[in-house]
Amino acid sequence: MEARPVRSSQTTITELMIPSYANFGGKIHGGILLSMMDKVAYACASKHAGTYCVTVSVDKVEFLQPVEVGELVSLKASVNYVGRTSLMVGIRVESENVKSGEIKHTNSCFFTMVAKGDDNKPMEVPKLVLENDEDIKRFIEAMRVREIKEKVREEMDDAKSTIEVSMAGEILKNERCIIKLTR
Ligand SMILES: CC(C)(COP(=O)(O)OP(=O)(O)OC[C@H]1O[C@@H](n2cnc3c(N)ncnc32)[C@H](O)[C@@H]1OP(=O)(O)O)[C@@H](O)C(=O)NCCC(=O)NCCS
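Residues numbered from 1 in each chain as written. Predicted model: local features only at pLDDT ≥ 70, side-chain atom pairs only at ≥ 80, totals over all residues.

Draft legend 1. Representation of the site of the ligand in the model. Residues in close proximity to the ligand include Val-54, Thr-55, Val-56, Ser-57, Gly-83, Arg-84, Thr-85, Ser-86, Thr-112, Val-114 and Pro-122, which together make up its full environment. When residues of the shell around the ligand are traced back to their parent elements, those giving at least two are strand S3 (53-59) and strand S6 (103-115). Take the shell around the ligand: its biggest share by element is 4 residues, from S3. Tallied by class, the residues present in the shell around the ligand amount to 4 nonpolar, 6 polar and 1 charged. (Near = placed C-beta within 6 Å. Helix = DSSP H or I, 4+ residues; strand = E, 2+ residues; numbered from the N terminus. Nonpolar A, V, L, I, M, F, W, Y, C, P; charged D, E, K, R; others polar.)

Draft legend 2. Here's a closer look at helix H1 (residues 30-49). Helix length check: H1 (20 residues) gives 28 Å between terminal C-alpha atoms against 28 Å at 1.5 Å per residue, within 8%. For H1, the set of buried residues is Leu-33, Met-36, Met-37, Val-40, Ala-41, Cys-44, Ala-45, His-48 and Ala-49. For H1, the secondary structure elements touched by its buried residues are strand S1 (4-5), strand S2 (11-16), S3, strand S4 (72-82), strand S5 (86-96) and S6. One or two residues past the end of H1 sits Gly-50, with phi positive at roughly 70°. (Expected span 1.5 Å × (residues − 1). Buried ≥ 20, exposed ≤ 12 C-beta atoms within 10 Å, placed from the backbone. Contact = placed C-beta atoms within 7 Å.)

Draft legend 3. Molecular detail of the nonpolar core. Ala-41, Ala-45, Leu-87, Val-89 and Ile-91 are the most contacted members of the largest nonpolar core, which totals 32 residues. Elements supplying a minimum of two residues to this core: H1, S4, S5 and S6. Counting residues per element, this core draws most heavily on H1, at 8 residues. (Core = buried A, V, L, I, M, F, W, Y, C linked by C-beta atoms within 7 Å.)

Draft legend 4. Just the sheet that holds S4, in detail. If you trace the 5 strands from one edge of the open sheet to the other, you get S2-S4-S5-S6-S3, paired in antiparallel fashion. At either margin of the open sheet sits one strand with a lone partner, and together these are S2 and S3. Within the sheet, the average angular offset between the axes of one strand and its neighbour, ignoring direction, is 30°. Sheet topology places S3 next to S6; 6 bridges connect them, and they run antiparallel. Across the sheet, the residue bridging to Val-58 is Phe-111, located in S6. (Pairing = 2+ DSSP bridges. Axes fitted to C-alpha atoms, helices over the stretch in contact; angles between N-to-C directions.)

Draft legend 5. How the structure looks around helix H2 (residues 133-161). Between the first and last C-alpha of H2 there are 42 Å, a value that for 29 residues agrees with the 42 Å anticipated at 1.5 Å per step. Across the 29 residues that make up H2, only a small minority, 1, are buried.

Draft legend 6. Structural view of the environment of Asn-107. When you line up the elements, Asn-107 lands in strand S6. Linking Asn-107 and Glu-155, residues 48 residues apart in sequence, is a C-alpha distance of 26 Å. Excluding its chain neighbours within four sequence positions, the residues that come into contact with Asn-107 are Val-61, Glu-62, Phe-63, Leu-64 and Val-93.

Quick look at the structure:
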C-alpha cells in the first residue's frame, strides 16, 4: 500500500447558510455545522484511505461564535495522523460575511475515522507522507491528543465506578442541586 501525502486528501467544503438552517434565535443550528463537519471528515479520510470510512469519535467541537444566515461557511479538512486502521482528521471552520468580507474562525476540531473493507471490518490505511513542518507538527499533536484521550477515557470510567452515593451530601454541598429522595 503506497504512502500518501497530506495534501492529496485535503478537502474544503463551502456552503451558504440558508434561512432553513437557523434556530429560533436566528443563528445557525449547531447540528447543521456538525453534519457538515462529519461530511468533510468523511470525504478527507476516505480520499486518504481509498475506501469507505466511519466516524468513531469527535473531539473539541465548541461553538464559540454564532454563525449567521447569509454567511459562507468553509470547512477545511486534513488528515493529521494515521494509526493502523484509524485516521485523525483536523477540521478548521470559518464563516465569511460576504458583504463585509469579515472572516470568523468559529471552531477547530478533530474527527477520528476508521477505514472499513468490503467485509465491514477495520482495514489498514496508507502511511502518511509528511512534507513540511506543519504536517509534522499536526502529526505529533494528534499523537498527543490520542494519548490524552486514552487517559481521560480511563479516568472517566474510573470516576463513575468509584462514586459513593452515601457521601453525596458532602460532595454536593456547594452544588446547585437538591437531594429529594422519593424511594
Ligand atoms: C469503530 C469500529 C470500527 C471499531 O471496531 P473494533 O472492532 O473495536 O476495531 P479495533 O479495536 O480494531 O479498532 C479499530 C481502530 O479504531 C480505533 N478506535 C476504537 N475505538 C475508538 C475510540 N473510542 N476512539 C478512538 N479510536 C477508537 C482503534 O484505536 C483502532 O485504530 P488503529 O487501528 O489505528 O489503532 C466499530 O466500533 C464501529 O464500526 N463503530 C460504528 C461506527 C459508525 O457506524 N459510525 C457512524 C456514526 S453512527
